[in-house]
Amino acid sequence: MRVLKTIAGLQAYLNDERVSREIGLVPTMGALHAGHQRLLERAIAENDRTVATIFVNPLQFSPQEDLEQYPRNLDRDCQFCQNLGVDVVFAPSPEEMGIFPGQNERSLAVILPPADMVTGLCGPFRPGHFAGVATIVTKLLNIVQPTRAYFGEKDAQQLAIIRRLIRDLNIPVEIRACSTVRDELGLALSSRNQYLSASQTEQATILYWSLEAARQAFRAGERDSKVLSAIAAEKLATVPEVQVQYLELVDPASLQPIERIETAGLLAIAAYLGSTRLIDNVILRDRQPIIAIDGPAGAGKSTVTRHVAEALDFFHLNTGAMYRAVTWLVLQAGIDTDDEPAIAELLQSVAIEFLPTDSPTGMQITINQQDVTKTILSPTVTDSVSAVSKLPAVRSALVRQQQAIGKKGGIVAEGRDIGTHVFPDAELKIYLTASERERARRRRNDLLAQGELNLSLEQIEKDIQRRDFLDSTRKIAPLRKAPDAIEIVTDNLNIEEATEAILNCYREAFSKRTK
Ligand code: PAF
């Protein structure tokens, strides 16, 4: 692992790497704990190179805050990163980041978050904080130019502001959010927990339990913000040492207060225990689960996915059919399959819909209101689908549509990057795989059934190895097992058994969630 302290050093390292590799960025202020570990592990699993930055950013502390006292231990943090497999730690000084003593937003170019997003929650209590975060995050994104950047959901306001920044300023990076890590009593991990005494640590868990009380009420059907907030407030009041600064229920993306939760609400708390300020939150979302099934070709994904969807009465999101539909549209419009700019423009106004029918697949697919259920299976579409679906513009347009379809949940989707890319927050992720030999055997049986008798098992196995290599190393949507995916090896399972194995994982996950 490299530890670099200058922008020149980091860029010299990245210049070679960036050409052909995906870079994950995990910005931190050090004092690393299991919450950061989750971000780092995810970045390592999803990218070819991971850069962790350790920088206690003076711009996000106001004069009366704990900048001097903030825990710093670079050696320990570097060891932590090295043990996980981080490639580079970037630990610049404030001067290296262009911040000199006494400098603030009056003498620096800064990025201001939308005013609407800082009028509530921490905004009024930490003036200038989010401008400081937005500025430093933008600088880090410009320096590293990562493929993906990782942030924790505990800092929900920061996360929403960064997402908006990326959108409004067209910064080319994917933002990945990781769920809050808690200790065994429920306290959200934070570098500032170090300031708490043993008894305060125990008292602080009331933040979690009050959010949990609101979540239980939400699950039981309560949607009124005032009622949900009152439930949390009542619970918080049982520990008088906890001085509540705010308790607010807002829209998780716009951060505007909401009266009722229609699709999702962010219930957030800030409170003091002694002089330590803690924050915590929960997203209350009316969403059925999403099941993401990824894995290499030949593991039985498509059939198993269809069966799982049928058994749960979930929607089977057939992403393959969506790529075929777009290919059909491209051919129909007479656009060359390698003319990405023209295809990108064509896709700006594309609408793909799945409608239930009594056809054998149970599904009609339309693109711009034209029924293409049958035509997308034609040989012309089959010949061009791989050229079209590997274009970044096609992938990002369709991933956006898939995510829109997934908003309400209740879907099972299969592919190569469903759990890592399309639905990284899926409630259940499965990695369905089988040994190369077994996949080769299955492929040979399929070929034999089609009258193709000349290929040996060894030859097919070699092809499978080649395809696996290409699938897992390609730049766009590589095949990777999400770190939180459950691996199911189907060598000794038939379709029914593989389906049952997934349904068991589902039952197990959901009995845990509702306990
Ligand atoms: O969340 C943090 O630790 C900081 O706000 C961040 C994103 C590293 C910016 O300094």
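Check the entry above for the structure.
So, here's what we can say about the structure. (Residues numbered from 1 in each chain as written. Predicted model: local features only at pLDDT ≥ 70, side-chain atom pairs only at ≥ 80, totals over all residues. Heavy atoms only, no water.)

1. Details of the overall build of the protein chain
Part 1 of the reasoning: A tally of helices and strands in the protein chain yields 16 helices and 17 strands.
Part 2 of the reasoning: Over its C-alpha atoms the protein chain spans a radius of gyration of 25 Å, differing by no more than 12% from the 24 Å that the globule rule assigns to 515 residues.
Part 3 of the reasoning: The principal-axis extents of the C-alpha atoms in the protein chain amount to approximately 75 × 55 × 45 Å.
Part 4 of the reasoning: Counting over 515 residues, the protein chain shows a buried share of 50%.
Part 5 of the reasoning: By sequence separation, contacts in the protein chain at least 24 residues apart represent 73% of the contacts at least 6 residues apart.
Part 6 of the reasoning: About 24,700 Å² of surface is accessible on the protein chain, with carbon and sulfur atoms providing 49% of the total. (Helix = DSSP H or I, 4+ residues; strand = E, 2+ residues; numbered from the N terminus. Rg over C-alpha atoms; globule rule 2.2 N^0.38 Å. Buried < 20%, exposed > 50% of the residue type's maximum accessible area, 1.4 Å probe, protein only. Contact = heavy atoms within 4.5 Å. Areas by Shrake-Rupley, 256 points an atom, 1.4 Å probe, with all protein chains shown as cover.)

2. Things to note about the site of the ligand
Part 1 of the reasoning: The environment of the ligand is formed by Pro-27, Thr-28, Met-29, Asn-57, Gln-60, Val-133, Ile-136, Phe-151, Asp-155 and Gln-158.
Part 2 of the reasoning: In the model, an oxygen atom of the ligand is placed 2.6 Å from a nitrogen or oxygen of the Gln-60 side chain.
Part 3 of the reasoning: Measuring from an oxygen atom of the ligand, one finds a side-chain N or O atom of Gln-158 at 2.7 Å.
Part 4 of the reasoning: Here the ligand loses 88% of its free accessible area of 290 Å² to cover by the protein chains.
Part 5 of the reasoning: Here the shell around the ligand is composed, by residue class, of five nonpolar, four polar and one charged. (Near = heavy atom within 4 Å. Polar contact = N/O pair within 3.5 Å; in protein donor to acceptor, adjacent residues only side chain to side chain. Nonpolar A, V, L, I, M, F, W, Y, C, P; charged D, E, K, R; others polar.)

3. A look at the sheet that holds strand S11 (residues 315-317)
Part 1 of the reasoning: Here we have five strands laid out as an open sheet, ordered S11-S15-S10-S16-S17, and parallel in their pairing. The open sheet is flanked by S11 and strand S17 (486-489), the only strands paired with a single partner. Neighbour-to-neighbour, the strand axes of the sheet open up by a mean angle of 20 degrees, direction not taken into account. (Pairing = 2+ DSSP bridges. Axes fitted to C-alpha atoms, helices over the stretch in contact; angles between N-to-C directions.)

4. Comments concerning the sheet that holds strand S12 (residues 352-356)
Part 1 of the reasoning: Read across the sheet, three strands follow the order S12-S13-S14 without closing on themselves; strand pairing throughout is antiparallel. The open sheet has two free edges, formed respectively by S12 and strand S14 (370-371), since each of these has just one partner strand.
Part 2 of the reasoning: Two elements, strand S13 (residues 363-367) and S14, share two bridges in a ladder whose sense is antiparallel. Within S14, the position partnered with Ile-367 by the bridge is Gln-370.
Part 3 of the reasoning: The strands touched by helix H9 (residues 319-332) are S12, S13 and S14; relative to S13, the strand with the most contacts, the crossing angle is about 40 degrees.

5. Topic: the nonpolar core
Part 1 of the reasoning: Grouped together as the largest cluster of nonpolar side chains are 36 residues, with contacts concentrated most on Val-326, Ile-352, Phe-354, Ile-365, Ile-367, Val-394 and Phe-423.
Part 2 of the reasoning: Mapped onto this core, the elements with two or more residues apiece are strand S10 (290-294), H9, S12, S13, helix H11 (379-389), helix H12 (392-405), strand S15 (411-415) and helix H13 (418-422).
Part 3 of the reasoning: Sorting elements by how many residues they give to this core places H9 first, with eight residues.
Part 4 of the reasoning: Not counting residues up to four positions away in its chain, the partners in contact with Phe-423 are Ile-290, Leu-317, Gln-402, Gln-403, Gly-406, Ile-411, Ala-413, Ile-418 and Lys-429.
Part 5 of the reasoning: Counting residues in hydrophobic clusters, the runner-up holds 29 residues, among them Phe-90, Val-133, Val-137 and Ala-177. (Core = buried A, V, L, I, M, F, W, Y, C linked by side-chain atoms within 4.5 Å.)

6. Looking at the packing of H9 against H12
Part 1 of the reasoning: The geometry of H9 relative to H12 is characterised by a closest axis approach of 11 Å and an angle of 130 degrees between their N-to-C directions. Between H9 and H12, the crossing angle belongs to the class labelled oblique. Handedness of the crossing formed by H9 with H12: right-handed. Along the contact surface, H9 presents Thr-319, Met-322, Tyr-323 and Val-326, while H12 presents Val-394, Arg-395, Leu-398, Gln-401, Gln-402 and Ile-405.
Part 2 of the reasoning: Considering only residue class, the contact of H9 with H12 consists of six nonpolar, three polar and one charged. (Parallel < 35°, antiparallel > 145°, perpendicular 65-115°, else oblique. Left-handed = near helix turned anticlockwise from the far one by under 90°.)

7. With respect to the pattern of salt bridges
Part 1 of the reasoning: Following the criterion strictly, the structure yields 24 salt bridges and no others.
Part 2 of the reasoning: Arg-176 is paired through a salt bridge with Glu-174; the nearest N and O atoms lie 2.7 Å apart.
Part 3 of the reasoning: On the accessibility criterion, Arg-176 (4% relative accessible area) is buried.
Part 4 of the reasoning: According to the relative accessible area criterion, Glu-174 is partly exposed, its value standing at 24%.
Part 5 of the reasoning: Here Arg-442 makes a salt bridge to Glu-438, at a shortest N to O gap of 3.0 Å. Of this pair, Arg-442 and Glu-438 both sit in helix H14 (residues 436-449), four residues apart, which is roughly one turn of the helix.
Part 6 of the reasoning: The class of Glu-438 is buried, set by a relative accessible area of 11%.
Part 7 of the reasoning: Bridged by salt links that share partners, the residues Glu-22, Arg-42, Glu-46, Asp-48, Arg-148, Glu-174, Arg-176 and Arg-480 form one connected network. (Salt bridge = Lys/Arg side-chain N within 4 Å of Asp/Glu carboxyl O.)

8. Observations regarding the packing of aromatic side chains
Part 1 of the reasoning: Inspection of the entire model under this criterion finds six aromatic pairs.
Part 2 of the reasoning: Arranged with centres 5.9 Å apart and planes meeting at 90 degrees, the rings of Phe-314 and Tyr-506 form a pair that is edge-to-face. Highlighted residues: Phe-314 in the loop between helix H8 (301-312) and S11 and Tyr-506 in helix H16 (residues 495-514), separated in sequence by 192 residues.
Part 3 of the reasoning: Judged by relative accessible area, Phe-314 falls into the buried class, the value being 10%.
Part 4 of the reasoning: For Arg-223, the ring lying beneath its charged end belongs to Phe-218, and the centroid distance is 3.9 Å. (Phe/Tyr/Trp six-rings, centres within 6.5 Å; stacked < 30°, edge-to-face > 60°. Lys NZ or Arg CZ within 6 Å of the ring centre and 35° of its normal.)

9. Topic: the pairing of strand S8 (residues 264-273)
Along a regular strand, successive side chains alternate from one face of the sheet to the other.
Part 1 of the reasoning: The buried fraction of S8 is high, at nine of ten residues.
Part 2 of the reasoning: Alignment of strand S7 (residues 242-250) against S8, held across eight bridges, turns out to be antiparallel. Bridge pairing links Tyr-246 to Ala-270 in S8.
Part 3 of the reasoning: Bridging between S8 and strand S9 (residues 276-285) involves ten bridges; their strand directions are antiparallel. Bridged to Ile-269 within S9 is Asp-280.
Part 4 of the reasoning: What sits between S8 and S9 in their antiparallel hairpin is a turn of two residues, with Gly-274 showing a positive phi close to 60 degrees.

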